[in-house]
Amino acid sequence: MSVKNADYYPSSIESYWLSSLLKAFPGEDRSSALEKLEEPIQALSDAFTCERPRAFKNYGKAAEALLGYGIFYYPQTWTRVRFPLIEAHDLRGWTAPQDRPVKILDLGAGLGAASTSLAQLCIDRFGSSSAEIMMIDHSAEALLQAHGAVQALNSDGYTLSLLTQKGDFRKYDGLPNPKKDTFDLIVISFAINEAFGPGNDKKAYAWLRKLKPLLNPQSLILIAEPAMRETSEQLYRISDRVAKDSIFEVWGPQLHISQCPAHYQDKFWTHEVREWSPPSSLKEINRTLWRSIEDLKFSYATFGNASATLFESSKTFLRLVSPMSRMKGHYLLTGIATDGKKYIYDIPTRGYNRDELFALDRINRGDIIEIAEVEEMEDRLRIPRPEDIIYHFSPT
């Protein structure tokens, strides 16, 4: 049975990581083996969020860190990258090849969660028959585990081939030869901030330009980064430079073709917040870690050679860049509209029934809505009636 939804994590891959864990700690049961990963997961979590070192250690060499990543972070990365690709397909017009395998390049691949997930998505949701994945990472140990995860997915009946290459993807000679290989998807998942560090926007942008010869005519580059302000704003400074120089076509997250006005202003910055269903092993180990796993938070940018579907310039077709703030008698939200401007929208809730209020509560940061009619106010736009809200896009 094919699984097409965004919030999907295969039990075969979860079983692979649990089996690898039990092999690493023979004689231990599942619960006690998971407990042994608490310290390495805590260290990884601190490095990714609190400490933010200027140069990340090669945690791919530590066996327990790899297992911790596989249990705790692999399913999160797997799920995060699905949302922007579904948007590119369903809303912006990207298509995966159906007459041949989809070819995916994963740079800074680590354990390969991003490219393996996108391959499964292309096969089950977008009509590709199979997938050819190339992963490049500096950790041979991580790439070895990536082979195991791909084999686990293939046991479900998929056809994924995998080529791995140990190397530094930041160097030109560490990239594939464009005369021999081009790709339909290039994914760089949570690697830009680690590879280039804060303040190195120029280096990251110069490197990104080198990827252009590796793209097929209808290809996409998908970059995912942590949702923290520092990492998000670095990504969007790079994205704005891409929009300015027209090296690639910008596919997201902005719905307009120019630079975005909201990345560096006031308390909100562009990032996604998506609901999901964590696998049981992640929930089990998190009982003692107490990390926030209820929602997936991330920033992303997508670029392509061809143009994305364009929208008419309007203040009433928008992406939410803030949470839905529920206040007494009304909601407030901030959005970036297709005219390239930021607006505050006010939704008075008087007269809303329970179902309409529930629909409002289900809107996530990153969703796309259209408003049939607005009332101009001094500092905001009012949405007078619930039927004025058209729910355009929320990945499912």
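Parameters and conventions
Starting afresh in each chain, residues are numbered from 1 along the sequence in its written order. Totals for whole chains, interfaces and linings use every residue, but because this is a predicted model, local features are given only for residues with pLDDT of at least 70 and side-chain atom pairs only at 80 or more, for both listing and counting. Working from all heavy atoms in the structure, the side-chain values ignore hydrogens and water. Strands are runs of DSSP state E lasting at least 2 residues, helices are runs of H or I lasting at least 4, and numbering of each runs from the N terminus. Here a helix's expected span is defined as the number of its residues, less one, multiplied by 1.5 Å. Take the seven residues that end at a residue and the seven that start at it, fit an axis to each, and the angle between those axes is the bend at that residue. Summary of the burial criterion: residues with accessible area below 20% of their type's maximum are buried, those above 50% are exposed, and those between are partly exposed, where the area comes from a 1.4 Å probe applied to protein chains only. By convention a nonpolar core is built from buried Ala, Val, Leu, Ile, Met, Phe, Trp, Tyr and Cys residues, the set being connected through side-chain atoms within 4.5 Å. We call two residues in contact when some of their heavy atoms are within 4.5 Å. Pairing of aromatic rings covers Phe, Tyr and Trp, the last counted by its six-membered ring, and requires centre-to-centre distances within 6.5 Å; plane angles under 30 degrees mean stacked, over 60 mean edge-to-face, and any other angle means tilted. The term salt bridge refers to a pairing of a side-chain nitrogen on Lys or Arg with a carboxyl oxygen on Asp or Glu at a separation within 4 Å. Polar contacts here mean pairs of N or O atoms no more than 3.5 Å apart (in protein, one a potential hydrogen donor and the other a potential acceptor; neighbouring residues in sequence count only if both atoms are side-chain atoms). Each pair of strands is called paired provided DSSP finds at least two bridges between the two strands. Convention adopted: a line fitted to C-alpha atoms gives each axis, helices being fitted over their contacting stretch, and angles between N-to-C directions are expressed from 0 to 180 degrees. Roughly parallel here means an angle under 35 degrees, roughly antiparallel means over 145, roughly perpendicular means 65 to 115, and every remaining angle is called oblique. Here is the rule for handedness: rotate from the far helix to the near one, and if that takes an anticlockwise turn smaller than a right angle the crossing is left-handed, while a clockwise turn gives right-handed. Gly falls in the polar group here, along with every residue not listed as nonpolar (Ala, Val, Leu, Ile, Met, Phe, Trp, Tyr, Cys, Pro) or charged (Asp, Glu, Lys, Arg).

Examining helix α4 (residues 63-80)
Phase 1: Relative to the 26 Å expected for 18 residues at 1.5 Å per residue, α4 spans 24 Å between its end C-alpha atoms, a close match to the ideal helical length.
Phase 2: Along its length, α4 shows its largest kink, about 50°, at Y73, and proline P75 lies within four residues downstream of that point.
Phase 3: Of all 18 residues in α4, 16 are buried; the element is thus mostly enclosed.

Concerning the nonpolar core
Phase 1: Counting residues in each nonpolar core, the largest one holds 76 residues, and the members touching the most others are W17, Y74, L85, W94 and L160.
Phase 2: Residues contacting Y74, with those up to four places away along its chain left out, are Y9, I13, W17, Y69, L111, G112, A113, T116 and A149.
Phase 3: Membership of the second largest hydrophobic core comes to 32 residues, among which are L105, F183, Y205 and V250.

Considerations on the packing of aromatic side chains
Phase 1: Summed over all chains, the structure comprises 16 aromatic pairs.
Phase 2: Seen in terms of ring centroids, F169 and W207 are 5.3 Å apart; in terms of plane orientation they differ by 65°. Their pairing is edge-to-face. Taken as a pair, F169 in the loop between β3 (160-166) and β4 (183-189) and W207 in helix α9 (residues 201-209) lie far apart in primary sequence, 38 residues in all. Summarising the burial analysis for this pair, F169 and W207 share the class buried.
Phase 3: Of the aromatic side chains, those joined through ring pairs into one cluster are Y8, Y9, Y16, W17, Y74 and W78.

A word on the environment of L105
Phase 1: By secondary structure assignment, the location of L105 is in strand β1 (residues 102-107).
Phase 2: Assessed through its relative accessible area of 0%, L105 is described here as buried.
Phase 3: Here the alpha-carbon distance between L105 and I133, two residues 28 residues apart in the chain, equals 6.0 Å.
Phase 4: If we skip the residues at most four places from it in the chain, L105 touches M134, I136, P176, F183, L185, I186, V187 and L214.

Focus on the pattern of salt bridges
Phase 1: Summed over the entire model, instances satisfying the criterion amount to 22 salt bridges.
Phase 2: Among the ionic pairs, D181 bridges to K103, the shortest N-O distance being 3.5 Å. Residue D181 is found in the loop between β3 and β4, and its partner K103 is found in strand β1; the two are separated by 78 residues along the sequence.
Phase 3: Classification of D181 as partly exposed rests on a relative accessible area of 25%.
Phase 4: With a shortest N-O distance of 3.1 Å, E275 and R362 are connected by a salt bridge. Highlighted residues: E275 in strand β7 (residues 272-275) and R362 in the loop between α12 (354-361) and β13 (368-371), separated in sequence by 87 residues.
Phase 5: Under the relative-accessibility criterion, E275 is labelled partly exposed at 35%.
Phase 6: One continuous salt-bridge network, built from bridges that share partners, spans E87, E272, R274, R319 and D367.

Some points on the side chain of S128
Phase 1: Following the sequence through the fold, S128 ends up in the loop between α6 (113-124) and β2 (131-137).
Phase 2: For S128, a relative accessible area of 3% translates into the label buried.
Phase 3: Of the polar contacts made by the side chain of S128, one reaches the backbone oxygen of P97; its length is 2.7 Å.
Phase 4: For S128, the residues in contact, after removing those within four places along its chain, are A96, P97, V102, C122 and I123.

Re the pairing of strand β12 (residues 342-348)
On any regular strand, side chains alternate: one points to one face of the sheet, the next to the other face.
Phase 1: Across seven bridges, the pairing between strand β11 (residues 330-337) and β12 is antiparallel. Considered in β12, the bridge of G335 is made with Y343.
Phase 2: If you look at the hairpin formed by β11 and β12, you'll find four residues sitting between the two strands, and G340 has a positive phi there, around 85°.

Side note on unusual backbone geometry
Trans is the common state for peptide bonds, and a negative phi is the common state for residues other than glycine.
Phase 1: The omega torsion across G252 and P253 is 10°, close enough to zero to call that bond cis.
Phase 2: Topologically, P253 is positioned in the loop between β6 (249-252) and β7.
Phase 3: The backbone of F190 sits at a positive phi, close to 55°, despite the residue not being glycine.
Phase 4: Along the chain, F190 falls in the loop between β4 and α8 (192-196).
Phase 5: For F190, a relative accessible area of 14% corresponds to the buried category.

Some remarks on the environment of Q42
Phase 1: Mapped onto the elements of the fold, Q42 is located in helix α3 (residues 38-51).
Phase 2: Apart from the residues lying within four places of it in its own chain, the contact partners of Q42 are L289 and R291.

Examining the packing of α9 against helix α10 (residues 229-245)
Phase 1: Across the interface, α9 lies against α10 with an axial gap of 10 Å and an inter-helix angle of 50°. One way to sum up the angle between α9 and α10 is to call them oblique. At the point where α9 passes α10, the crossing takes the right-handed sense. Facing D201, A204, Y205, L208 and R209 of α9, the residues of α10 in contact are Q234, R237, I238, R241, V242 and D245.
Phase 2: Counted by class, the contact of α9 with α10 contains five nonpolar, one polar and five charged residues.

Some remarks on the environment of L235
Phase 1: When you line up the elements, L235 lands in helix α10.
Phase 2: Taking the C-alpha atoms as reference points, L235 and A119, 116 residues apart in sequence, are found 24 Å from one another.
Phase 3: When residues no more than four places from it in sequence are discounted, the contact partners of L235 are I223, E225, S299, Y300 and A301.

Considering the side chain of D201
Phase 1: Of note, D201 is situated in helix α9.
Phase 2: Setting aside its immediate chain neighbours within four residues, D201 contacts Q234, R237 and I238.

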